[in-house]
Amino acid sequence: MAAAAATAVSLCFPSSSSSSLSPQKQSTLLFPPLGSSSSCLFTGGSLIWGSNKFLQVSLSSAAQLDKKMCARRFRRAVVVAAADYYSTLGVPKSANTKEIKAAYRKLARQFHPDVNKEPGATDKFKEISAAYEVLSDDKKRALYDQYGEAGVKSTVGGPGGYTATNPFDLFEAFFGSNMGGFAGMDGSGFGATRRSSVSKGEDIRYDMTLEFTAAIFGDEKEFELSHLETCDVCAGTGAKVGSKMRICSTCGGRGQVMRTEQTPFGMFSQVSVCPSCGGDGEMISESCRKCSGAGRIRVKKDIKVKIPPGVSKGSILRVSGEGDAGPKGAPAGDLYVYLDIEEIPEIQRDGINLYSVISVSYLDAILGTVTKVKTVEGMTDLQIPPGTQPGDVLVLARKGAPKLNRPSIRGDHLFTIKVAIPKRVSTEERELLEELSSLGKAPANRSKTRPKVQQPDESTESEKGPLSENRDESEDGEDLLKKLKDLAGTVANGALKWFKDNL
């Protein structure tokens, strides 16, 4: 058996020892050099190779050696078949980039290790990723079509097997062309549009204090503001005129970077804006001298603001486009003017109504008068009616503040009356008050002692008719005078009593 094996089997290495084999006992085989595309030739025998040397097995028809024995003897040898990336992805060689990407997404969803837990799914996913890495790159695909796997062997794969594949294509495979909601991406690939929206400039706040009348009737104010404006030399790009932008070396022009970590629960990936280029994908090769590459410069500008009638404390005015200019020539932000109103002691404001407190003497409150009061329109006459009581409210209609944005509607000015009673009076004033008080008491005493009038006889009634009528008229006049004296006496008694209690 050993002799048969010796004549039937011979080992061939790429050395001179292979020339001693008899041409009649073996088949002539051509061995490809190391590093070329793998192939397996069977010409009356089996070719098996490892990593460093070739092994030729010739089976003699006379020996009829059992294939199982040969396989057991050379069980350490591995048969390697040529990798076909097109077959791995299931696309023809004429497939375009869109078709290749669609096939990769479909297979990635099927064989991803986090989705498919079957044995061999991880190896299959590595093969799919390696094939897609080559066929999705035009340069690598050209090398593969010309030289086979050997042309791209040094650039495919890595320690992680499929870590070289663009990880954002995996997001497209599972989340669609919108890349799971990441900004700056579209269906053409990661970073194809970089920034999808323009970043607006920052808003500015300015505090302003208005006079009381300016808040009521409106006004126009001018002030100086310091803000950022777009550089007029570089138009906000920050680059020197005539210079070219260079691709960011950190993100490769994508504008975003991804960090992938292997965790016990699977691969965890995090996408963030590129810290070097700020998401633009490009960097300035030579900066503008005026703005030093910032694209914006700080300037002082005179701003005019129109104050509408009826504004109040805490009102906010918005001036569009007067904030800081946006980066890279983006639109400017807005200016917000916060208003504060100066207060005056004579007039208080509540909404559109104004309130004031005025003081009148007790004589003016009794007899009535016309007094001058302060309003937002200047000094105005206010009628104090007779018998005005302390705390009464008198109204000047349409003398208040106008309603904001509706100046035709205007509030009222309300005056609260305060009666001023003197704490000290002179001797003459005291005598007059006492006399006035006695006048108020006298009619009441006479009315109590007044005798009854006898009824006249019927015979004399006709004779005294004209005289009775005259007496009735005189009595009516006296009654009216008594009533007036009673009113004055009541007021005087009250004032005199107050003086006696407080002096």
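As shown above, the structure is provided for reference.
Everything numeric here is computed off the predicted structure, so don't read it as measured data.

Asker: Hey, could you run me through the overall build of the protein chain in this one?
Answerer: What the protein chain contains, in helices and strands, is 13 helices and 19 strands. For the protein chain, with 503 residues in total, the buried portion stands at 31%. Partitioning the contacts of the protein chain with sequence separation of at least 6, the portion at a separation of at least 24 is 64%.

Asker: What exactly am I supposed to notice about the sheet that holds strand S16 (residues 393–396) here?
Answerer: To summarise the sheet geometry, strands pair through backbone hydrogen bonds and adopt either a parallel or an antiparallel arrangement. Spatially, the four strands line up as an open sheet ordered S12-S13-S19-S16, and their pairing is mixed. Each having just a single partner strand, strand S12 (348–350) and S16 make up the two edges of the open sheet. If you compare each strand with its neighbour and ignore which way they point, the axes differ by 30° on average. Judged from the four bridges that link them, S16 and strand S19 (residues 413–420) form a sheet pairing that is antiparallel. Considered in S19, the bridge of Leu 396 is made with His 413.

Asker: Looking at this model, I keep getting lost on the side chain of Asn 116. Mind explaining?
Answerer: Among the secondary structure elements, Asn 116 is positioned in the loop between helix H4 (97–111) and helix H5 (121–135). Judged by its relative accessible area of 14%, Asn 116 falls in the buried class. With sequence-adjacent residues up to four places away left out, Asn 116 is seen in contact with Gln 110, Phe 111 and Ala 121.

Asker: Looking at this structure, I do not really get the sheet that holds strand S3 (residues 204–210). What am I missing?
Answerer: Pairing is mixed across the open sheet formed by three strands, whose spatial order is S3-S11-S10. With one partner strand each, in any of the chains shown, S3 and strand S10 (316–319) form the two edges of the open sheet. Between one strand axis and the next, the sheet turns through 25° on average, direction left out of account. As defined by bridge partners, S10 adjoins strand S11 (residues 335–341) across four bridges and the pair is classed as antiparallel. What sits directly across from Leu 317, in S11, is Val 337.

Asker: What's the story with the pairing of strand S15 (residues 378–384) in this structure? I'm lost.
Answerer: Consecutive side chains of a regular strand alternate in pointing toward one face of the sheet and then the other. By the bridge criterion, seven bridges tie strand S14 (residues 369–375) to S15 in an arrangement that is antiparallel. Note on S15: the bridge partner recorded for Val 373 is Thr 380. Taking the residues that link successive antiparallel strands as the turn, the S14-S15 hairpin has two residues.

Asker: What am I meant to see in a negative patch on the surface here?
Answerer: Residues Glu 220, Glu 222, Glu 224 and Asp 302 make up a contiguous surface patch of negative charge. The element contributing the most residues to the negative patch is strand S4 (residues 219–230), with three residues. Relative to the elements of secondary structure, Asp 302 occurs in strand S9 (residues 296–307).

Asker: How should I be thinking about the nonpolar core in this particular structure?
Answerer: Most often, soluble globular proteins have nonpolar side chains that are buried together. Core analysis: the largest hydrophobic core is formed by 22 residues, its most contacted members being Phe 223, Val 305, Ile 307, Leu 335, Val 337 and Leu 339. Taken together, the elements giving at least two residues each to this core come down to S3, helix H9 (212–217), S4, S9, S10 and S11. Considering each element in turn, this core owes the most residues, four residues, to S11. Setting aside residues up to four positions removed in sequence, Val 337 forms contacts with Tyr 206, Met 208, Phe 223, Val 305, Ser 315, Ile 316 and Leu 317. Ala 95, Leu 107, Phe 111 and Tyr 132 belong to the second largest nonpolar core, which has 19 residues in total.

Asker: Looking at this structure, I do not really get the packing of H4 against H5. What am I missing?
Answerer: Packing of H4 against H5 brings their axes to within 10 Å, and their N-to-C directions diverge by 165°. When the axes of H4 and H5 are compared, the pair comes out roughly antiparallel. Both H4 and H5 take part in a crossing whose hand is left-handed. Side by side, H4 and H5 meet where Ile 100, Lys 101, Tyr 104, Leu 107, Ala 108 and Phe 111 of the first sit next to Ala 121, Lys 124, Phe 125, Ile 128, Ser 129, Tyr 132 and Leu 135 of the second.

Asker: Could you clarify how one ought to interpret the packing of H5 against helix H6 (residues 138–147) in this entry?
Answerer: Any two packed helices are characterised by the angle at which their axes cross and by the distance between the axes. At a closest axis distance of 6 Å, the pairing of H5 and H6 adopts a crossing angle of 100°. Between H5 and H6, the crossing angle belongs to the class labelled roughly perpendicular. When H5 is examined against H6, the residues Glu 133, Val 134 and Leu 135 are found in contact with a partner set consisting of Lys 140, Arg 141 and Tyr 144. When its residues are assigned to classes, the contact of H5 with H6 shows three nonpolar, no polar and three charged.

Asker: Looking at this structure, how should I read the packing of aromatic side chains?
Answerer: For any pair of aromatic rings, geometry is given as the distance between the ring centres together with the angle between the planes. If you walk through the whole model with that rule in mind, you get four aromatic pairs. Seen from their ring centres, Tyr 206 and Phe 223 are 4.1 Å apart, and the 10° between their planes marks the pair as stacked. You can see Tyr 206 sitting in strand S3 and its partner Phe 223 sitting in strand S4, a full 17 residues away along the chain. Among the aromatic side chains, those forming a connected cluster through ring pairs are Tyr 85, Tyr 86 and Tyr 144. The ring of Phe 111 carries Lys 124 above its face, with NZ or CZ at 6.0 Å from the centroid. The cationic tip of Arg 205 hangs over the ring face of Tyr 338; the distance from NZ or CZ to the ring centre is 3.8 Å.

Asker: Just checking my understanding: could you explain the pattern of salt bridges for this structure?
Answerer: Side chains that differ in sign of charge can pair as their charged atoms come close. As enumerated under the stated definition, the model contains 15 salt bridges in all. With its nearest N and O atoms 3.5 Å apart, the salt bridge here joins Lys 200 to Asp 334. One end of the pair, Lys 200, is in the loop between helix H8 (167–175) and S3; the other, Asp 334, is in the loop between S10 and S11, and 134 residues separate them in sequence. You can call Lys 200 partly exposed: its relative accessible area is 46%. In this structure, the salt-bridge partner of Lys 301 is Glu 322, at a minimum N-O distance of 3.3 Å. Here Glu 322 lies in the loop between S10 and S11 and Lys 301 lies in strand S9, a separation of 21 residues in the sequence.

Asker: Looking at this structure, how should I read a nonpolar patch on the surface?
Answerer: Taken together, the side chains of Leu 363, Ile 366 and Leu 367 present a nonpolar region at the surface, about 280 Å² in accessible area. Secondary-structure assignment places Leu 367 in helix H10 (residues 362–367). Judged by relative accessible area, which is 65%, Leu 367 ranks as exposed.

Asker: Whenever I open this one, the pairing of strand S18 (residues 406–410) confuses me. Can you help?
Answerer: As judged from the two bridges shared by strand S17 (residues 402–403) and S18, these two strands associate in the antiparallel manner. Across the sheet, Lys 403 pairs through a bridge with Arg 406, a residue of S18. The hairpin formed by S17 and S18 contains two residues between the paired strands, and Asn 405 there has a positive phi angle of roughly 70°.

Definitions and cut-offs
- Residues numbered from 1 in each chain as written.
- Predicted model: local features only at pLDDT ≥ 70, side-chain atom pairs only at ≥ 80, totals over all residues.
- Heavy atoms only, no water.
- Helix = DSSP H or I, 4+ residues; strand = E, 2+ residues; numbered from the N terminus.
- Buried < 20%, exposed > 50% of the residue type's maximum accessible area, 1.4 Å probe, protein only.
- Contact = heavy atoms within 4.5 Å.
- Pairing = 2+ DSSP bridges.
- Axes fitted to C-alpha atoms, helices over the stretch in contact; angles between N-to-C directions.
- Patch = residues over 30% accessible without salt bridge, like charges linked within 9 Å, V, L, I, M, F, W, Y side chains within 5 Å.
- Areas by Shrake-Rupley, 256 points an atom, 1.4 Å probe, with all protein chains shown as cover.
- Salt bridge = Lys/Arg side-chain N within 4 Å of Asp/Glu carboxyl O.
- Lys, Arg positive; Asp, Glu negative; His and termini not counted.
- Charge placed at Lys NZ, Arg CZ, Asp CG, Glu CD.
- Core = buried A, V, L, I, M, F, W, Y, C linked by side-chain atoms within 4.5 Å.
- Parallel < 35°, antiparallel > 145°, perpendicular 65-115°, else oblique.
- Left-handed = near helix turned anticlockwise from the far one by under 90°.
- Nonpolar A, V, L, I, M, F, W, Y, C, P; charged D, E, K, R; others polar.
- Phe/Tyr/Trp six-rings, centres within 6.5 Å; stacked < 30°, edge-to-face > 60°.
- Lys NZ or Arg CZ within 6 Å of the ring centre and 35° of its normal.

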